[in-house]
Amino acid sequence: MAIDIKKLLQSVVSHGASDLHLVSRSEPQIRIDGSLKAVNLPVLTGEDIEEMTYALLTEKQKKYFEENLELDFALLLPGVGRFRANYYRTLGDIAAAFRIIPTTIPSLDDLDAPEIYKQLIKREKGLILVTGPTGSGKSTTLAAMLNEINLTEHKHIITVEDPVEFIHQNKKCVFSHRETGSDTKSFSKALKYAMRQDPDIILIGEMRDKETIEAALTAAETGHLVFGTLHTNSAPGTINRIIDVFSGDEQGQIRAMISTSLVAVISQVLLAKKGGGRIAVPEIMTTNHAIANLIRENKVHQLYSQMQLGQGETGMQTQAQVMLKLLKNGLISKEHALQYSNKPDELKKNINFR
């Protein structure tokens, strides 16, 4: 007999978990502080999961899933919460992953975000990228940035997401939330027509293809502040990922566009805190004259060294520096720091040196 999915999701929220996984031949699993834990419930069959998950779908969604074998959607359960859901198949059985989306949007102060974030969001145009692996808090950081703008500026903000996650209430700003599949056909098509919708700020949920990246760079060059995400773990890696999407004869022009339009790259991971909870570890690169020249001249490998210079004036910081500070303050473990570091050799050397 299948479990009531709505009651299960309510339990997930009450346990302070971030995710729920339903996979056949396993009991339901929840993620708390980055680690999966089994729920004390019976092992599920494919039929159990299908009965549970189909109860949440419209007929249109069922048809789409059955034709495409994949389905992403946002789910609002009144009195329970908001979720990002993904349905897929494994060994012929339906499986599902639910990510809890907080209904209260945090402020930058709530996140204890670096002070430079408040300076970055005051820019009139340019591209700000928040990058990191899945589950690294990218969406939460971006939501907090937009929330700060919503409290302080009068702007029209268009978000293009798959699916829409945080829903902002109009305070000083006006938000147009657009979901691919239901409000627009694709990220690239939404960006093409966004220019006719008089935006001041555009949020791109994921810069996943050449057309979307090109449209984002063009929008950032033509007087809009653009926020976007990529699944990269460092600033240099982010620049290389963008450039590598384009063919060799296009890369020179793209480097020039990035050098003039890029405002900042924030690459973050979430680490488990000692005693419970998680903490964001952001690496921050802001574009100055030296950074722009290195990007334009195809010397991306030198960006990391440049990020270490004059940090008091630039607001830049490396991941290793942040991790060392957290280790010094006893907030994270050495094992977790080394496991998630993008430069473990450098981090290990500095830990041993201290």
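Since we're looking at a predicted model, the values are computed, not measured. (Residues numbered from 1 in each chain as written. Predicted model: local features only at pLDDT ≥ 70, side-chain atom pairs only at ≥ 80, totals over all residues. Heavy atoms only, no water.)

Here's the deal with the confidence of the model for the protein chain
Point 1. Of the residues in the protein chain, 99% reach a pLDDT of 70 or more, and the chain-wide mean stands at 94.
Point 2. Mean pLDDT values over the elements of the protein chain span from 85, in helix H15 (residues 344-353), up to 98, in strand E7 (residues 126-131). (pLDDT = per-residue confidence, 0-100. Helix = DSSP H or I, 4+ residues; strand = E, 2+ residues; numbered from the N terminus.)

A closer look at the environment of Leu303
Point 1. Structurally, the position occupied by Leu303 is in helix H11 (residues 303-307).
Point 2. The exposure class assigned to Leu303 is buried, which follows from its relative accessible area of 0%.
Point 3. The sequence separation of Leu303 and Glu27 amounts to 276 residues, and the corresponding C-alpha distance is 46 Å.
Point 4. Residues contacting Leu303, with those up to four places away along its chain left out, are Pro236, Ile239, Met285, Ile291, Leu294 and Ile295. (Buried < 20%, exposed > 50% of the residue type's maximum accessible area, 1.4 Å probe, protein only. Contact = heavy atoms within 4.5 Å.)

Here we look at the side chain of Gln319
Point 1. With respect to the element layout, Gln319 can be found in helix H13 (residues 319-328).
Point 2. At 2.7 Å, the side chain of Gln319 and the backbone nitrogen of Asn342 are in polar contact.
Point 3. With near-sequence residues (within four places) excluded, Gln319 lies in contact with Val269, Val281, Glu283, Tyr340, Ser341, Asn342 and Lys343. (Polar contact = N/O pair within 3.5 Å; in protein donor to acceptor, adjacent residues only side chain to side chain.)

A closer look at unusual backbone geometry
Point 1. Here the bond from Asp162 into Pro163 is cis, since omega is -5°, no more than 30 degrees from zero.
Point 2. Position of Pro163 relative to the elements: it lies in the loop between strand E8 (156-161) and strand E9 (174-179).
Point 3. Located in the positive-phi region is Asp198, a residue other than glycine, with phi close to 55°.

Some words on the packing of aromatic side chains
Point 1. Summed over all chains, the structure comprises three aromatic pairs.
Point 2. Relative to Phe98, the ring of Tyr87 has its centre 6.1 Å away and its plane inclined at 75°; by these criteria the two rings are edge-to-face. Note that Tyr87 is positioned in strand E5 (residues 81-90) and Phe98 in strand E6 (residues 93-101), a separation of eleven residues in sequence.
Point 3. A relative accessible area of 0% places Tyr87 in the buried class.
Point 4. Here the aromatic residues Phe65, Phe73, Tyr87 and Phe98 are joined through ring pairs into a cluster of three or more.
Point 5. Taking the ring centre of Tyr304 as reference, the NZ or CZ of Lys343 above it sits at 4.5 Å. (Phe/Tyr/Trp six-rings, centres within 6.5 Å; stacked < 30°, edge-to-face > 60°. Lys NZ or Arg CZ within 6 Å of the ring centre and 35° of its normal.)

Structural notes on the layout of surface pockets
Point 1. Size it by volume and the second largest pocket reaches roughly 520 Å³.
Point 2. Considering the residues around the second largest pocket, the lining is formed by 18 residues, among which Tyr64, Leu71, Asp72, Thr180 and Gly181 are closest to the centre.
Point 3. Mapped by element, the contributors of at least two residues to the lining of the second largest pocket are helix H3 (59-68) and strand E4 (71-77).
Point 4. Looking at the lining of the second largest pocket residue by residue, the classes come out as five nonpolar, six polar and seven charged. (1 Å grid on protein atoms, 1.4 Å probe; cavity = no way out; pocket = protein on both sides within 12 Å on 5 of 7 lines; lining within 4 Å. Points joined across faces, edges and corners; volume = space filled by probe spheres on them. Nonpolar A, V, L, I, M, F, W, Y, C, P; charged D, E, K, R; others polar.)

Concerning a positive patch on the surface
Point 1. Together, Lys60, Lys185, Lys189, Lys192 and Arg196 make up a positively charged patch on the protein surface.
Point 2. Following the sequence through the fold, Lys60 ends up in helix H3.
Point 3. Residue Lys60 is classed as exposed on the basis of its relative accessible area of 68%. (Patch = residues over 30% accessible without salt bridge, like charges linked within 9 Å, V, L, I, M, F, W, Y side chains within 5 Å. Areas by Shrake-Rupley, 256 points an atom, 1.4 Å probe, with all protein chains shown as cover. Salt bridge = Lys/Arg side-chain N within 4 Å of Asp/Glu carboxyl O. Lys, Arg positive; Asp, Glu negative; His and termini not counted. Charge placed at Lys NZ, Arg CZ, Asp CG, Glu CD.)

What to know about the nonpolar core
Point 1. Among the nonpolar cores identified, the biggest contains 36 residues, and Leu129, Ile204, Ile239, Ile258, Leu262, Met285 and Leu303 are the most heavily contacted of them.
Point 2. Among the nonpolar cores identified, the runner-up in size contains 29 residues, and Leu20, Leu75, Ala85 and Tyr87 belong to it. (Core = buried A, V, L, I, M, F, W, Y, C linked by side-chain atoms within 4.5 Å.)

A look at the sheet that holds strand E12 (residues 262-272)
Point 1. With respect to topology, seven strands assemble into an open sheet ordered E9-E8-E10-E11-E7-E12-E13, the strand pairing being mixed. The open sheet has two edge strands with one neighbour each: E9 and strand E13 (278-286). Neighbour-to-neighbour, the strand axes of this sheet turn through a mean angle of 15°, independent of strand direction.
Point 2. Pairing between E8 and E9: six bridges, direction parallel. When the sheet's bridge partners are listed, His156 is paired in E9 with Val174.
Point 3. Each of E7 and E12 touches helix H9 (residues 248-261); the most contacted strand, E12, lies at about 80° to it. (Pairing = 2+ DSSP bridges. Axes fitted to C-alpha atoms, helices over the stretch in contact; angles between N-to-C directions.)

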